[in-house]
Amino acid sequence: MAFLELRGLTKRYGGLLAVNDVSMQVESGEVRAVIGPNGAGKTSLFHLITGVVKPTSGEVRFGGRSLTGLSSYQVCQAGLSRTFQLTALFPEMTARENCRTAAQARLGGRWRPWGGGPVFREASRRGDMALERLGLADVANRPAGLLSHGDQRLLEVAMALAQQPRVLLLDEPTQGLSVEETGTAVETLEAVLADGSLTVLLVEHDMEVVFRLARKITVLHRGTVIADDVPEAVKANQAVQDAYLGGYA
Ligand SMILES: Nc1ncnc2c1ncn2[C@@H]1O[C@H](COP(=O)(O)OP(=O)(O)O)[C@@H](O)[C@H]1O
Ligand SMILES: [Mg+2]
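Only a predicted model underlies this, so the values are computations on that prediction, with no experimental measurement involved.

Draft legend 1. Examining the domain arrangement of the protein more closely. Under the domain assignment, the protein is made up of domain 1 (1-79 + 167-177 + 200-249) and domain 2 (83-164). On a C-alpha basis, the centroid separation for the pair domain 1 and domain 2 is 25 Å. Together domain 1 and domain 2 conceal approximately 1,400 Å² of surface at their shared face, both sides included; 50% is due to carbon and sulfur atoms. At the boundary of domain 1 and domain 2, one finds zero salt bridges. Of all the secondary structure elements, the ones that give two or more residues to the side of domain 1 that touches domain 2 are α1 (42-49), α2 (72-78) and β7 (167-171). Considering each element in turn, the side of domain 1 that touches domain 2 owes the most residues, five residues, to α2. Looking at the side of domain 1 that touches domain 2 residue by residue, the classes come out as eight nonpolar, seven polar and two charged.

Draft legend 2. Broad picture of the sheet that holds strand β10 (residues 224-229). Read across the sheet, six strands follow the order β6-β7-β8-β3-β9-β10 without closing on themselves; strand pairing throughout is mixed. Two strands lie at the open edges of the sheet, namely β6 (80-82) and β10, each paired on one side alone. Pairwise comparison of adjacent strand axes, ignoring direction, gives a mean angle of 15° for this sheet. Relative to β10, strand β9 (residues 216-221) runs antiparallel, the two sharing five bridges. Bridge pairing links Thr218 to Asp228 in β10.

Draft legend 3. Here's a closer look at the site of ligand 1. Around ligand 1, the structure places Tyr13, Leu16, Ala18, Pro37, Asn38, Gly39, Ala40, Gly41, Lys42, Thr43 and Ser44. Gly41 is positioned with one of its backbone polar atoms (N or O) 2.9 Å from an oxygen atom of ligand 1. Here ligand 1, which alone exposes 560 Å², has 60% of that area covered by the protein. Among the secondary structure elements, those contributing two or more residues to the shell around ligand 1 are β2 (16-26) and α1.

Draft legend 4. View of the sheet that holds strand β4 (residues 57-62). One open sheet accounts for four strands, arranged β2-β1-β4-β5; its pairing is antiparallel. Each end of this open sheet is capped by a strand with a single partner; those strands are β2 and β5 (65-66). The pairing of strand β1 (residues 4-13) with β2 spans seven bridges and is antiparallel. By the bridge assignment for β2, Lys11 is matched with Val19. Those strands touched by α1 are β1, β2 and β4, and its axis lies near 115° from that of β1.

The rules behind each value
- Once a new chain begins, its residue numbering starts again from 1 and follows that chain's sequence as written.
- Written order decides the labels, with chains lettered from A and ligands numbered from 1.
- Predicted model: local features are reported for residues with pLDDT of at least 70 only, side-chain atom pairs are reported and counted for 80 or more only, and whole-chain, interface and lining totals are derived from all residues.
- Here the side-chain values reflect all heavy atoms present in the structure, with hydrogen atoms and water set aside.
- The domain boundaries here were taken from an automatic or database domain assignment.
- What counts as buried area is the accessible surface, traced by a 1.4 Å probe, that two parts surrender upon association, with contributions from both included.
- Note on definitions: salt bridges are taken to be side-chain nitrogens of Lys or Arg within 4 Å of carboxyl oxygens of Asp or Glu.
- In DSSP terms, a helix is any run of H or I states spanning at least four residues, a strand is any run of E spanning at least two, and both are numbered starting from the N terminus.
- Residue classes follow a fixed rule: Ala, Val, Leu, Ile, Met, Phe, Trp, Tyr, Cys and Pro count as nonpolar, while Asp, Glu, Lys and Arg count as charged, and any other residue, Gly among them, counts as polar.
- If DSSP finds at least two bridges between two strands, the strands pair.
- Where helices are involved, their axes are fitted lines through C-alpha atoms of the stretch in contact, as for all axes, and angles between N-to-C directions lie from 0 to 180°.
- What makes a residue near a molecule or strand is one non-hydrogen atom of that residue sitting within 4 Å of it.
- Polar contacts here mean pairs of N or O atoms no more than 3.5 Å apart (in protein, one a potential hydrogen donor and the other a potential acceptor; neighbouring residues in sequence count only if both atoms are side-chain atoms).
- Note that accessible areas follow from Shrake-Rupley with a 1.4 Å probe, and for residues the cover is restricted to the protein chains shown.
- The contact rule is simple, with two residues in contact once any of their heavy atoms fall within 4.5 Å.

Here it is, written out as structure tokens:
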């Protein structure tokens, strides 16, 4: 049984099949890249997995239970945390406060979402640990909106990690970064993933980043999976070349 499994996941917007009958099996500890041209359905797939959008049909299963139809809050409680393609932090709050707030969202109970003192302290601890792991301890007390773009993207990863997820979904973590910032981000992510305890779904345009981090790649084209394999096989796949890679390999 797969750790995370998508079964025939489909999302229709009017006449458009944004996600079309996507099935996928992700093992525990796997780093899986999801690639494909703009509009292929990658972000929509993340919305479906994390309960932001309800599927037209199909199922998301995690650790043997169905997540289909759960709210994004409930999906977070189940152990899946994500970043958003477009920045989703609170710019006036410090990096530390952003991480603590993210941790509180998972720790808080249904009726007392912000918890009491013990929850606040534990959330602060988890948030600070996440900042440390992402190399952001030095900027912890700066307003998030004043951080460099590179640090803001890393802060979003820290916020997801502060929720101590079992599955981490990253939507284009290097988007808009300079070559240098991308290098720092990839090294940091490699260090975070090194112990193999996290299962990761990574949407990423930069193929250097994909080939460095992912052990398996799923290729989407117009909502449909056209390849699902190890990086070498995906590179050699003619349909993928035609649809997306355009002679990268
Ligand atoms: N809320 C929505 N309403 C209508 N169409 C949408 C909506 N969200 C996404 N789409 C469409 O679904 C397709 C896939 O979009 P998206 O998942 O953002 O692709 P990607 O992340 O791969 O670039 C696109 O054609 C997009 O315009
Ligand atoms: Mg997208």
